[in-house]
Amino acid sequence: MRNSVIHDAFIEAVQTAKSVFITAHVGPDGDTLGSMLAFKHAFEKACPHIHGVHCVIAGKMPDVYRFLPGIRDVKNIETDPEILDYYDLAISVDCGSADRFGPAERVFSAAGVSVNIDHHISNKQFGKININVPTAAASGEVVADLLTELKIPLDANIATCLYTALVTDTGGFKYSNATAKAFELAAKLVTAGADPEYIYKELYEKRPRAQALMQAEALSKTRFNEDYTLGWTLVDRAMLKKHGALEEYIDGLVESIRQMDTVVIAAVFKETPDGNTKISLRSDSHAIDVAAVMEPFDGGGHKMAAGCTMLMPLREAEATLIPILKDKIRQKISV
Ligand code: 5GP
Ligand code: MN
């Protein structure tokens, strides 16, 4: 729902800024990168008063998004000397809480105006201006609406970025967030120059062999509760190393577990480089809110897709979380 006071404050911030910082969470995905780059193209094209738009993330950039226009200009907060200490305007996209920025948090908070643009139900409202639309299929949908309000027309670059945001967050227009509004936006983006076949091939038909083989091993080691309604698997550093797999190659594994007919909650436990555990959770229905399960662990996300990082080793994280997930399913079944 449009809140005119908040949106007017955002529009004024864009119209008066000379320098803009755009950031997002570590381990960015298609919605994250598509949303930030769409803003970058839009501001560079239509806002001559803005002298610099810096897109900045912490950590490694997944290779799969290298086709996105402008991706080579995304800066790394740890290594890029051009990143300033102060920006007039800082925008975060697709990020539910400021602690997921990594070191970019410092720059975000120091900006003249900070704006939090998102669609996560668990969003912590950490900006000076907060535009969070949980009903939006992707943050890219929120960005598209804001570009309309800013009267910045779509072009092929913006459309390619926003289409990638939409197609990745809807699982290829398959999930419940593939709403009529999402399809209407997709139609506009294709009209403006997004090429669905090209984007699909870049995202899904160039899957690294190491990813397929690592996921096959992890999937074959899936463990279940007694009635197979909960399925989970563990990916440790040794398994990644054995296949020569990158961190990002885990994407999609949790969906493969959720797709099994009996499974209502799927979980993947990944050992992080520093020995902690990154959790990915998926549920198969709105009746099971996995974002709520992640709250006590400083995580979040959406009802049917959520995550967190637990500051403990893989096995300990498994021993902590699995009983909670079993309980969650029991509660659901007993209702
Ligand atoms: P994934 O499992 O694909 O990493 O994440 C699924 C969803 O949960 C995404 O919407 C993502 O933003 C959210 N999410 C994943 N990890 C975290 C986390 O550590 N904190 C919060 N707040 N959200 C997370
Ligand atoms: Mn998103």
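For every chain, the first residue of its written sequence is number 1, and the numbers climb from 1 along that sequence. All chains are assigned letters beginning at A, and all ligands numbers beginning at 1, according to the order in which they are written. Note on the predicted model: pLDDT of at least 70 is required for a residue's local features to be given, and 80 or more for side-chain atom pairs to be given and counted; whole-chain, interface and lining totals, by contrast, use all residues. Hydrogens and water molecules were not included; the side-chain quantities draw on all heavy atoms of the structure.

Trainee: A description of the site of ligand 1 should follow, citing residues and the corresponding values.
Mentor: One heavy atom suffices: a residue is near a molecule or strand as soon as one of its heavy atoms comes within 4 Å of it. Residues in close proximity to ligand 1 total 14 residues, the closest being Arg100, His120, Ser280, Arg282 and Ala306. What qualifies as a polar contact is a pair of N or O atoms within 3.5 Å, subject to a donor-acceptor requirement within protein and to the restriction that residues adjacent in sequence count only when both atoms come from side chains. One of the side-chain N or O atoms of lysine 278 is found 3.2 Å from a nitrogen atom in ligand 1. Under the convention used here, a 1.4 Å probe and the Shrake-Rupley method define accessible areas, while residue burial counts only the protein chains that appear. Out of a free accessible area of 490 Å², ligand 1 has 84% covered by protein chains. Among the elements of the structure, strand E10 (277–283), strand E11 (300–301) and strand E12 (305–310) are those that each provide at least two residues to the shell around ligand 1. A per-element tally of the shell around ligand 1 places E12 first, with five residues. Considered class by class, the residues forming the shell around ligand 1 number three nonpolar, eight polar and three charged. Starting at the N terminus, helices and strands are each numbered in turn, a helix being any DSSP run of H or I of at least four residues and a strand any DSSP run of E of at least two. Classification used: nonpolar for Ala, Val, Leu, Ile, Met, Phe, Trp, Tyr, Cys and Pro, charged for Asp, Glu, Lys and Arg, polar for all others including Gly.

Trainee: Describe the pattern of salt bridges, naming the residues involved and giving the relevant values.
Mentor: Once the charged atoms of two side chains with opposite charge are near each other, the side chains can pair. We define a salt bridge as a contact between a side-chain nitrogen of Lys or Arg and a carboxyl oxygen of Asp or Glu at a distance within 4 Å. Inspection of every chain in the model, using the stated rule, returns 19 salt bridges. A salt bridge links lysine 40 to glutamate 44, with the nearest nitrogen and oxygen atoms 2.7 Å apart. With lysine 40 and glutamate 44 both in helix H2 (residues 30–46), this residue pair falls four residues apart, about one helical turn. Here glutamate 44 falls in the partly exposed class, since its relative accessible area comes to 47%. One salt bridge connects glutamate 226 with lysine 326, and the closest N-O pair in it is separated by 3.9 Å. Of this pair, glutamate 226 sits in the loop between strand E7 (223–224) and strand E8 (230–235) while lysine 326 sits in helix H12 (residues 314–334), and the two are 100 residues apart along the sequence. In this scheme, a residue with accessible area under 20% of its type's maximum is buried, one over 50% is exposed, and one in between is partly exposed, where area comes from a 1.4 Å probe on protein chains only. You can call glutamate 226 exposed: its relative accessible area is 63%.

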